[in-house]
Amino acid sequence: MKLTSHTNEEILEIVKACGAGDPKSLQTFFDIYSQDIYNFPIRVFHLSEDDASDYYIYAFERLKTGKRFKSFVGKSSFKTWFFSVLRNLLIDWQRTKREVKTQTVSKVNKDGKEYSTIEDEPDKRSEALALAVDVSDQFNSVLATIKIENRVVFKLSFVYYLHLDPEEIKYVAEKTNRSDEEIRTEVLRLREELSSREEENLKMEDKITSLYLNILDLKEQKKNKAQGDSVEALYYKERLDHALAKKYEQRKKLIEKKQKGHFLVRTPYREIARILGISEGGVSVTLLRVLEKMQKKMHSMAGEA
């Protein structure tokens, strides 16, 4: 969060007035923090600038009434509260994207200015929607070409996201000498167990956000306490530089894990092997081959398009 010429006390007064719906205070708040709102999804979640612009408008529309400011009661710092609000808004925005586009009389720049004349109009981004549908159709089309014995291994590996169709349920039942209902129950049990892993992934997402807030806080401390050449300033600078380096490294490792797909919920090989009655090595080799085949086919279809 950028530093402002306003004191903490003044900011708290502005926030309090925003909660009461005071137009002037809301205007002042957005003058101060519009850039922070715009930058939040870029810095914390590594979204594109186009997404950041869309998110800014979404967040503005939900903050401009002042109602959300009423939830700030001073039990935590304003910065912690504000970034929690921005994070929740980002999650809501990602989950509830609908076919609505915003239009302004004057354009919104990358710093999030010119927000006062925002209006909604019907979405015209049909090409982007069509592309998303097309990619999904391609994925399902390619997956359907995989032999059923291999397709089942793939679907069970990502059963938290994918569903076995009746034909695949029947295949597993016949292969393992069990009823269709037993297989459905087994898959449901497995999906429920995997839901706890998704909770862990969400905690890791929270950790990335928390580390970002920690870094901002340490930077502010450094500006306030580590200026000049005094012994005390040099002492604080050394301590804060060390703390910042540690936080940066922790955040970097988590982001690398996320980018490598470690936050995806995948079924352990031993569970798939147990359900299908095959070896864990067989599961691993089959999954690798299916992934390679699907990647080649998807790439080929993209090239033809």
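Residues numbered from 1 in each chain as written. Predicted model: local features only at pLDDT ≥ 70, side-chain atom pairs only at ≥ 80, totals over all residues. Heavy atoms only, no water.

Peer 1: Report on the packing of helix H6 (residues 148-157) against helix H10 (residues 269-276), specifying residues and quantitative values.
Peer 2: It is at 10 Å that the axes of H6 and H10 come closest, and there the two elements cross at 135 degrees. Looking at the two axes, H6 sits oblique to H10. In terms of crossing hand, the pair formed by H6 and H10 is right-handed. Listed contacts from H10 to Val152, Val153, Leu156 and Ser157 of H6 are Ile272, Ile275 and Leu276. When its residues are assigned to classes, the contact of H6 with H10 shows 6 nonpolar, 1 polar and no charged. (Axes fitted to C-alpha atoms, helices over the stretch in contact; angles between N-to-C directions. Helix = DSSP H or I, 4+ residues; strand = E, 2+ residues; numbered from the N terminus. Parallel < 35°, antiparallel > 145°, perpendicular 65-115°, else oblique. Left-handed = near helix turned anticlockwise from the far one by under 90°. Contact = heavy atoms within 4.5 Å. Nonpolar A, V, L, I, M, F, W, Y, C, P; charged D, E, K, R; others polar.)

Peer 1: Let's hear about unusual backbone geometry: which residues, and what values?
Peer 2: In this structure, Asn177 is a non-glycine residue whose phi angle is positive, near 55 degrees. On the accessibility criterion, Asn177 (74% relative accessible area) is exposed. (Buried < 20%, exposed > 50% of the residue type's maximum accessible area, 1.4 Å probe, protein only.)

Peer 1: Please set out the pattern of salt bridges residue by residue, giving values where relevant.
Peer 2: Scanning the model with the defined rule gives 13 salt bridges in all. Across the salt bridge formed by Asp241 and Lys222, the nearest N and O atoms sit 2.6 Å from each other. On the criterion of sequence distance, the pair formed by Asp241 in helix H9 (residues 231-259) and Lys222 in helix H8 (residues 180-225) is long-range, its members being 19 residues apart. Relative accessible area serves as the criterion here: at 25%, Lys222 is assigned to the partly exposed category. One salt-bridge network, in which partners are shared between bridges, spans Glu186, Arg189, Glu193, Glu271 and Arg274. (Salt bridge = Lys/Arg side-chain N within 4 Å of Asp/Glu carboxyl O.)

Peer 1: Quick rundown of the packing of aromatic side chains? Include the residues and the values.
Peer 2: Summed over all chains, the structure comprises 16 aromatic pairs. Here the aromatic rings of Phe29 and Phe69 are separated by 4.8 Å at their centres, their planes lie at 85 degrees, and the arrangement is edge-to-face. Remark: Phe69 occurs in the loop between helix H3 (49-63) and helix H4 (78-95) and Phe29 occurs in helix H2 (residues 23-45); sequence separation between them is 40 residues. Look at Tyr160 and Tyr161: their rings are 5.3 Å apart centre to centre, the planes differ by 90 degrees, and that puts the pair in the edge-to-face class. A relative accessible area of 26% means that Tyr160 is categorised as partly exposed. According to the relative accessible area criterion, Tyr161 is partly exposed, its value standing at 38%. Between the NZ or CZ atom of Arg62 and the centre of the ring of Tyr58, over which it lies, the distance is 3.6 Å. (Phe/Tyr/Trp six-rings, centres within 6.5 Å; stacked < 30°, edge-to-face > 60°. Lys NZ or Arg CZ within 6 Å of the ring centre and 35° of its normal.)

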